[in-house]
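Structural characterization, general
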Amino acid sequence: MIIDHLDRVLALKVVYYGPALSGKTTSLKALFNHFGKKDKVFSIESTRKRTLFFDYGTVLFQNELWKIKVHIYSTTGQDFYLVTRPITLRAVDGIIFVADSRKIVFDRNLISWNELEKYFQDSLLSLPKIIAFNKQDLPEKFNPEVFLDEIGYKNYENIDTEYTIAINSEGILASFENILRLIFKDYYENQLISAIS
Ligand SMILES: Nc1nc2c(ncn2[C@@H]2O[C@H](COP(=O)(O)OP(=O)(O)OP(=O)(O)O)[C@@H](O)[C@H]2O)c(=O)[nH]1
Ligand SMILES: [Mg+2]
């Protein structure tokens, strides 16, 4: 988070992360579509619509006092471009982990989560994050509770879950609002601690 007191601008970074083809780009685009900024998403993708590096866009919110500028990225799920993922994750304030809820790809979600853990190590415990169980419209889904048990959900702070259908925007705004809520909650709690000490 970058706080520019002079111009009263707060800059945040949110990243959609998850396994290949889980719906990260679709989620990001659905969000921008909601804000009427569909054409403002910058994507680096292959001719087959796979993300090569990332998708990126910004959303600006404003009240009388402050502007909040949210920089939003999606990573590529393709392992061939694995090296790009840590770059996209740098200085992130919140993660929306887009899980692919199909039973046949259950393990891919675990591998992707483990990669996040490896990258952030202990700081993942408190980093604000939402697990969005996407593709809820499809049959043959795994039980989300099993996934949450596997990753040790209960050990994490600043975490929540959502159910999404990115192709028709269901749950997309709720997930975004929820990650902002966790980021600000975390921020205020930390501010309080530093004010006391
Ligand atoms: N049925 C269904 N399909 C979805 C949903 N969300 C995404 N898809 C489809 O899943 C495929 C992959 O979606 P993307 O958004 O490109 O996935 P991604 O995670 O960005 O993929 P990479 O960037 O290549 O890792 C596309 O064909 C989407 O239309 C959903 O909620 N339901
Ligand atoms: Mg993508």
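Bear in mind that the values here come from a model prediction, so they are computed numbers and not experimental data. (Residues numbered from 1 in each chain as written. Chains lettered and ligands numbered in written order. Predicted model: local features only at pLDDT ≥ 70, side-chain atom pairs only at ≥ 80, totals over all residues.)

1. Brief notes about the overall build of the chain
Along the chain, the regular secondary structure elements total five helices and eight strands. Relative to the compact-globule value of 16 Å for 197 residues, the chain shows a C-alpha radius of gyration of 17 Å, a close match. Referenced to the eigenvectors of the C-alpha coordinate spread, the extents of the chain come out at roughly 50 × 40 × 30 Å. At a minimum sequence separation of 6, the contacts of the chain that also span at least 24 residues come to 71%. (Helix = DSSP H or I, 4+ residues; strand = E, 2+ residues; numbered from the N terminus. Rg over C-alpha atoms; globule rule 2.2 N^0.38 Å. Contact = placed C-beta atoms within 7 Å.)

2. Regarding the site of ligand 1
Near ligand 1 you find 21 residues, and of these Gly23, Thr25, Thr26, Thr51 and Gly77 are the closest. In terms of residues, the shell around ligand 1 owes the most to one element, helix α1 (residues 24–34), which gives three residues. Considering only residue class, the shell around ligand 1 consists of six nonpolar, 11 polar and four charged. (Near = placed C-beta within 6 Å. Nonpolar A, V, L, I, M, F, W, Y, C, P; charged D, E, K, R; others polar.)

3. So, the nonpolar core
Core analysis: the biggest nonpolar cluster contains 31 residues, and Val14, Ile96, Phe97, Ala132 and Ile179 have the highest contact counts within it. Contributing elements (two or more residues each) for this core: β2 (9–17), α1, β5 (67–75), β6 (94–100), β7 (129–134) and α5 (172–196). When residues no more than four places from it in sequence are discounted, the contact partners of isoleucine 179 are Val14, Gly94, Ile96, Pro128 and Ile130. (Core = buried A, V, L, I, M, F, W, Y, C linked by C-beta atoms within 7 Å. Buried ≥ 20, exposed ≤ 12 C-beta atoms within 10 Å, placed from the backbone.)

4. Details of the pairing of β5
Strand direction decides the pairing type here: β2 and β5, joined by eight bridges, are parallel. If you follow tyrosine 16 over to β5, its bridge partner there is serine 74. For strand β4 (residues 51–62) and β5, the ladder comprises nine bridges, and the chain directions are antiparallel. Looking across to β5, one finds that tyrosine 56 is bridged to tyrosine 73. Between the antiparallel neighbours β4 and β5 lie four residues. (Pairing = 2+ DSSP bridges.)

5. A look at unusual backbone geometry
Among all residues except glycine, the phi angle is most often negative; among peptide bonds, the trans geometry is most common. Positive phi, normally seen in glycine, also occurs at glutamine 121, with a value near 55 degrees. With respect to the helices and strands, the residue glutamine 121 is situated in the loop between α3 (106–120) and β7. According to the C-beta neighbour criterion, glutamine 121 is exposed, with 8 such atoms within 10 Å. You will see that glutamate 140, though not glycine, has its phi angle at about 60 degrees, which is positive. Here glutamate 140 lies in the loop between β7 and α4 (144–151).

6. Let's talk about the environment of phenylalanine 142
Mapped onto the elements of the fold, phenylalanine 142 is located in the loop between β7 and α4. On the neighbour-count criterion, phenylalanine 142 (18 C-beta atoms within 10 Å) is partly exposed. For the pair phenylalanine 142 and serine 101, spaced 41 residues apart in sequence, the C-alpha separation works out to 6.0 Å. Setting aside anything within four residues of it in sequence, one finds phenylalanine 142 in contact with Ser101, Lys103, Phe106 and Phe147.

7. Some points on the pairing of β6
Among the seven residues that make up β6, seven are buried, leaving the element largely enclosed by the rest of the structure. Judged from the four bridges that link them, β2 and β6 form a sheet pairing that is parallel. Counterpart to valine 14 in the pairing with β6 is glycine 94. Bridge count for β6 against β7 is six bridges, and the pairing is parallel. Looking at the pairing, isoleucine 96 lines up with isoleucine 130 of β7. Tracing the backbone out of β6, into α3 and back to the parallel element β7 gives a crossover that is right-handed. (Right-handed = clockwise from strand over helix to strand, strands pointing away.)

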